[in-house]
Each structure stands twice: as C-alpha cells, then as structure tokens.
Amino acid sequence: MFEQLDQLIFRFEEVIEMMSDPEIISDSDRLRDLSIEESDLRPKVAKIRRYKQVVDEITDTEEMLAGNLEAEMVELAKLELSDLKEEKDQLEEEIKLMMLPADPNDGKNIIMEIRGAAGGDEAQLFAGDLLTMYTKFAEAQGWKVELMSANITGIGGYKEVTLMITGEKVYSKLKFENGAHRVQRVPETESQGRVHTSTATVVVMPEQEEIDFNIDENDIRVDIYHASGAGGQHVNKTASAVRMTHIPTGVVVAMQDERSQLKNREKAMKVLRTRVYDMLQSEKQEAFDSERKLAVGTGDRSERIRTYNYPQNRVTDHRIGLTIQQLDSIMQGNIDEIIDALVVYDQTQKLEELNGQGS
C-alpha cells in the first residue's frame, strides 16, 4: 500500500498544475471535478509528507546516536527517537485508514424508505418517530430533506414514507441505518400499562442519476390514474398519479403527492432508478456475503439492528454492542454518537482485515 503514496503525491501536484491551466479554468465542469479531487487529496498528501519527514528524522537521529555524542545529548536523542517512532506508528495506521478503498456511493445523496412493520398501529407510529429523528439529524447536518411520498394512517402513523436527503456525503453517514428497528414502549392505547414490542424497517439507497445508472424506457410500463387520499380536491379531477413498473425486476413505484403528472413522473423515475439499482446491487452483495462476512453490513434489511427502549430511556445497537441511556435526545435527531461509532467500527474491521492480508 505504501508504494502508492508517491503516486498520490504526484497526482496531487498534477491536479494543482492542471487547475492553473487557462483551458481548464474556462471549463467549469472540469474545474469543479478537479477542485473536488484536490480537496480530497490535500489532507492525504499532507499526512504522507509528514510521514516521510518523520522517517527521515528517525534515520538522522539513529545516525547521530551511532556517532560520538555526549551523555546528555544521547538521552535527548533517545527521547526524540522514541517520540518519532511513536508518531511514525500512528501515522502508518492513519494512512492505512485513509487509503482504504472508498465506497463509490459515499458521496451520494440518498433515498430512504421507512415502513411500519410488525406491531400494527404502534409500528406505524414508530415509523413516524424515525422519520422525525432522521429529518432532525439531516437538518442539523445542513442537508435538505424532501418528502417523496407518504402513506399516512388515520392516527398519524406511516405505513410507508419515502424521502430524499441531499447534501455532502449523506450516504457515508446513513448507510448503516438499513435494517429492522425495534421499539419497546407502552402504547397510548394500552390501558394496562403493558410494554409492547413493535418494529419498523429502514432502507437507505444511494441516489442513482441517469448518468450513473440508466434504465431502458422499453423496460418500463407507465400507468396514469386519478390520485386518491391526501392531496386536495384536484385528485379527483385530474389523472396526475403515476405508477411505474420495471418489467425485468418487477419493481413498482407509485407517486401521487404532486398536483402535476410531470412532477410525479420525475419523482417516480428517480425512485425507480434507485430501487432497481439497489436490488441489483443487493443481489451481488448477497452472493458476496455468502463467501465472507462483512463488518457491519448494509444489505440485510431483515436484521434487527437496534432497539429503542422507552421505559429505560435506552438505545442499543446490537451490531456493535453500543448502549446509550439518552433515548429522548436520540429521538430528537442526536444520533451522531451512534453514527460515528458505526463508522469507526467498520473502518477498524477493514483495517484488521487489511493488516491480516499483509501478515
């Protein structure tokens, strides 16, 4: 891996030079791509250059110790050498982490689907609570949340809700939210005060734009119909609802929340493209997982990943054994501690795997 470091420095210097080229400066798209690459490379190159500097300083210090030094200077040199070697070891681990293969979807926006699962009304109410939690977390990150579609129950829960979250590296932070979320609490309708257990499922998919993944229009069946339910009186007057079916995979997306058929078409196509890509990738992932177990995993949606225990104000993420006694705060969107712990755990597992391959 460390043989790649010089190539990284070379590429960084090449990008800097290219960004000063008048021809590239006049090409806004090319300049934007290079600026993103430069921003990504800069901290990596700074760390690599410091690593090289430390290695040179270790060599110089060892040569000094091999010479004729006064006793006092020997002790100082030994202390400096010890500090340098400690920094070198730390930098090596940081560079290894930095050089781990990046998930190509990490920088993408996401489409998230939340569904009430086992538990009837209580599960659907919990789906709404999760929607609030993720919405508040996204807003705190400076991301934009757009409600794509929602199937709202009479008591204010959600049978299913689809939202799009756009911003910087959304998928990298929310990709581990895939799975079954379990809630334990006393429902408002429970007169005996008994704790019920219900579940809601969360699906997180990286948005796929047409340039990333294109679907043949001949593979799509489009049905237009009159919308029903929420949306106002217009739903009975205009055929604005759109149902798209991807014939090869059987994936179906229906949109009716917009007054305009065109807008519903656009939304449906965006979700359909993402769902079809996600299905195809999940099939590949399942084949991959059958051969080797992943660290945290983002594919198994039936896996119970987290429990929200209201009576004890406790949240437990079962994949990493993390328990936090601040459920009230977490449901207000303060899930940074959980997100960070999952990311660190995943990186640690990948580092251990990398070190194992190198041994």
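Data block above holds the structure.
Please read these numbers as outputs of a predicted model, since none were measured by experiment.

Basis of the calculations
Residues numbered from 1 in each chain as written. Predicted model: local features only at pLDDT ≥ 70, side-chain atom pairs only at ≥ 80, totals over all residues. Heavy atoms only, no water. Salt bridge = Lys/Arg side-chain N within 4 Å of Asp/Glu carboxyl O. Helix = DSSP H or I, 4+ residues; strand = E, 2+ residues; numbered from the N terminus. Buried < 20%, exposed > 50% of the residue type's maximum accessible area, 1.4 Å probe, protein only. Pairing = 2+ DSSP bridges. Axes fitted to C-alpha atoms, helices over the stretch in contact; angles between N-to-C directions. Parallel < 35°, antiparallel > 145°, perpendicular 65-115°, else oblique. Left-handed = near helix turned anticlockwise from the far one by under 90°. Contact = heavy atoms within 4.5 Å.

## Notes on the pattern of salt bridges
So, point 1. Summed over the entire model, instances satisfying the criterion amount to 23 salt bridges.
So, point 2. The closest approach of N and O atoms between Glu37 and Arg11, which form a salt bridge, is 2.7 Å. Residue Glu37 is found in helix α3 (residues 28-66), and its partner Arg11 is found in helix α1 (residues 5-18); the two are separated by 26 residues along the sequence.
So, point 3. Its relative accessible area of 25% is what places Arg11 among the partly exposed residues.
So, point 4. The partner of Arg32 in a salt bridge is Asp33, and the shortest N-O contact between them spans 3.4 Å.
So, point 5. Residue classification places Arg32 among the partly exposed residues on the basis of a relative accessible area of 44%.
So, point 6. Exposure remark for Asp33: the relative accessible area of 39% places this residue in the partly exposed category.

## A word on the sheet that holds strand β7 (residues 241-246)
So, point 1. With antiparallel pairing, three strands are arranged side by side in an open sheet as β6-β7-β8. Only two strands of the sheet have a single partner each, and these edge strands are β6 (220-225) and β8 (251-255). Pairs of neighbouring strands in the sheet enclose a mean axial angle of 15 degrees, with direction left out of account.
So, point 2. Examined bridge by bridge, β6 and β7 share six bridges and lie antiparallel to one another. In the sheet register, Ile224 faces β7, and the bridge partner there is Val242.

## Structural notes on the packing of α1 against α3
Between two packed helices, what matters for the description is the angle formed by their axes and the separation of those axes.
So, point 1. Contact pair α1 / α3: the axes reach a minimum separation of 8 Å and the direction vectors enclose 140 degrees. As far as their axial angle goes, α3 and α1 are oblique. For α1 against α3, the interelement crossing comes out left-handed. Contacts between α1 and α3 involve Leu5, Asp6, Leu8, Ile9, Arg11, Phe12, Glu13, Val15, Ile16 and Met18 from the former and Arg30, Leu34, Glu37, Glu38, Leu41, Arg42, Lys44, Val45, Ile48, Arg49 and Lys52 from the latter.

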